[in-house]
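# Topology and contacts: notes
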Amino acid sequence: MFKSSKISLIIRGILFSALGIVCFCFPVDTMALFAKIAGIVIVITGVVFFFLEYKTAARSLETMRISASLLMVALGALIIIHPEIIAILLGIFILFEGIDFTFNTIKYFRAGAKGWWLMLLFGVIVIVFGFWSIFVPEITASTLSILFGIAFLSIGIASFTGLAGLRLVEDYLEASRKAIEEKSGEYVETEIVE
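Model, not experiment: these values are computed from the prediction.

### Looking at the overall build of the protein
Regarding its fold elements, the protein presents six helices and zero strands. Among the 194 residues that make up the protein, the fraction classed as buried is 40%. For the protein, the exposed area adds up to about 10400 Å²; of that, 72% sits on carbon and sulfur atoms.

Here is the structure:
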């Protein structure tokens, strides 16, 4: 269950946590170098998400996710090509990541996952950084690197929180399926809409 979502969250968590730590601990002095690092990570993440979602694109939700992954690749390429507007482009990316995590929090809350509030907290932090970057783009490369490091680290932590929530939902669904099986005496197929 949730195999592609788990892989997506693991990859997103690892890549963005690593990028966040690098940006935070080693702030760059040039905007071009920061743009290349961030752009490459976003392109890689978009490509990985595309292939994960392409395999399961049976419903309109996955089609939307495929489109979002292609937009992520395009945005990453734009960041590499046009480092002079990196603050705005990364702000847009970070804003959408924060919105995505915030909306996913609703699903986790409804499913009874205990860590949903942590995902919501980091989603809101990411949204604030996204808005701030879009509307206050005049900033030095080293300061931008530190601030985006915090935002990227928040995305990574929120991804791992989401992964933990998925595991709890899986356990709950499996326990429910077994309980129904015991009462009815038949195997019950549980279909999950991700």
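### Some remarks on the packing of aromatic side chains
For the coordinates displayed, the defined rule picks out two aromatic pairs. A ring pair is formed by F16 and F152, whose centres lie 5.6 Å apart and whose planes are at 35 degrees; its orientation type is tilted. Of this pair, F16 sits in helix α1 (residues 3-25) while F152 sits in helix α6 (residues 141-184), and the two are 136 residues apart along the sequence. The exposure class assigned to F16 is buried, which follows from its relative accessible area of 0%. Relative accessible area serves as the criterion here: at 0%, F152 is assigned to the buried category. Three or more aromatic residues link up through ring pairs in this structure, and these residues are F16, F93 and F152.

### Overview of the nonpolar core
In terms of nonpolar packing, the biggest core is built from 34 residues, with F16, I79, L90, F93, I94 and F152 touching the most fellow members. Within the residue set of this core, elements represented by two or more residues are α1, α2 (31-54), α3 (60-81), α4 (86-111), α5 (116-135) and α6. Of the residues forming this core, the biggest block, nine residues, is contributed by α6. For F16, the residues in contact, after removing those within four places along its chain, are V41, I42, T45, F93, F152, L153, I155 and G156.

### Details of the packing of α4 against α5
Packing of α4 against α5 brings their axes to within 7 Å, and their N-to-C directions diverge by 160 degrees. When the axes of α4 and α5 are compared, the pair comes out roughly antiparallel. Regarding α4 and α5, the two cross each other, and that crossing is left-handed. Its residues assigned to classes, the contact of α4 with α5 comprises 18 nonpolar, eight polar and one charged.

### Some details on a nonpolar patch on the surface
A cluster of nonpolar side chains, contributed by I40, I44, I80 and I81, occupies part of the molecular surface with about 350 Å² of accessible area. Where the nonpolar patch is concerned, the elements lending two or more residues are α2 and α3. Mapping I80 onto the fold places it in helix α3.

### Focus: the side chain of S159
In this structure, S159 sits in helix α6. Within the structure, S159 has its side chain in polar contact with the backbone oxygen of I155 (distance 2.9 Å). Excluding anything up to four places from it in sequence, S159 contacts L9, R12, G13 and F101.

### Some details on the side chain of T45
When you line up the elements, T45 lands in helix α2. For T45, a relative accessible area of 0% corresponds to the buried category. Within polar-contact distance, the side chain of T45 engages the backbone oxygen of V41 at 2.7 Å. Setting aside its immediate chain neighbours within four residues, T45 contacts L15, F16 and M72.

### Section: the environment of I11
The residue I11 is located in helix α1 in this model. Taking relative accessible area as the criterion, I11 reaches 22% and is therefore assigned partly exposed. The sequence separation of I11 and F160 amounts to 149 residues, and the corresponding C-alpha distance is 9.6 Å. The contacts of I11, once residues within four sequence positions are left out, are V48 and L52.

The rules behind the values
Residues numbered from 1 in each chain as written. Predicted model: local features only at pLDDT ≥ 70, side-chain atom pairs only at ≥ 80, totals over all residues. Heavy atoms only, no water. Helix = DSSP H or I, 4+ residues; strand = E, 2+ residues; numbered from the N terminus. Buried < 20%, exposed > 50% of the residue type's maximum accessible area, 1.4 Å probe, protein only. Areas by Shrake-Rupley, 256 points an atom, 1.4 Å probe, with all protein chains shown as cover. Phe/Tyr/Trp six-rings, centres within 6.5 Å; stacked < 30°, edge-to-face > 60°. Core = buried A, V, L, I, M, F, W, Y, C linked by side-chain atoms within 4.5 Å. Contact = heavy atoms within 4.5 Å. Axes fitted to C-alpha atoms, helices over the stretch in contact; angles between N-to-C directions. Parallel < 35°, antiparallel > 145°, perpendicular 65-115°, else oblique. Left-handed = near helix turned anticlockwise from the far one by under 90°. Nonpolar A, V, L, I, M, F, W, Y, C, P; charged D, E, K, R; others polar. Patch = residues over 30% accessible without salt bridge, like charges linked within 9 Å, V, L, I, M, F, W, Y side chains within 5 Å. Salt bridge = Lys/Arg side-chain N within 4 Å of Asp/Glu carboxyl O. Polar contact = N/O pair within 3.5 Å; in protein donor to acceptor, adjacent residues only side chain to side chain.

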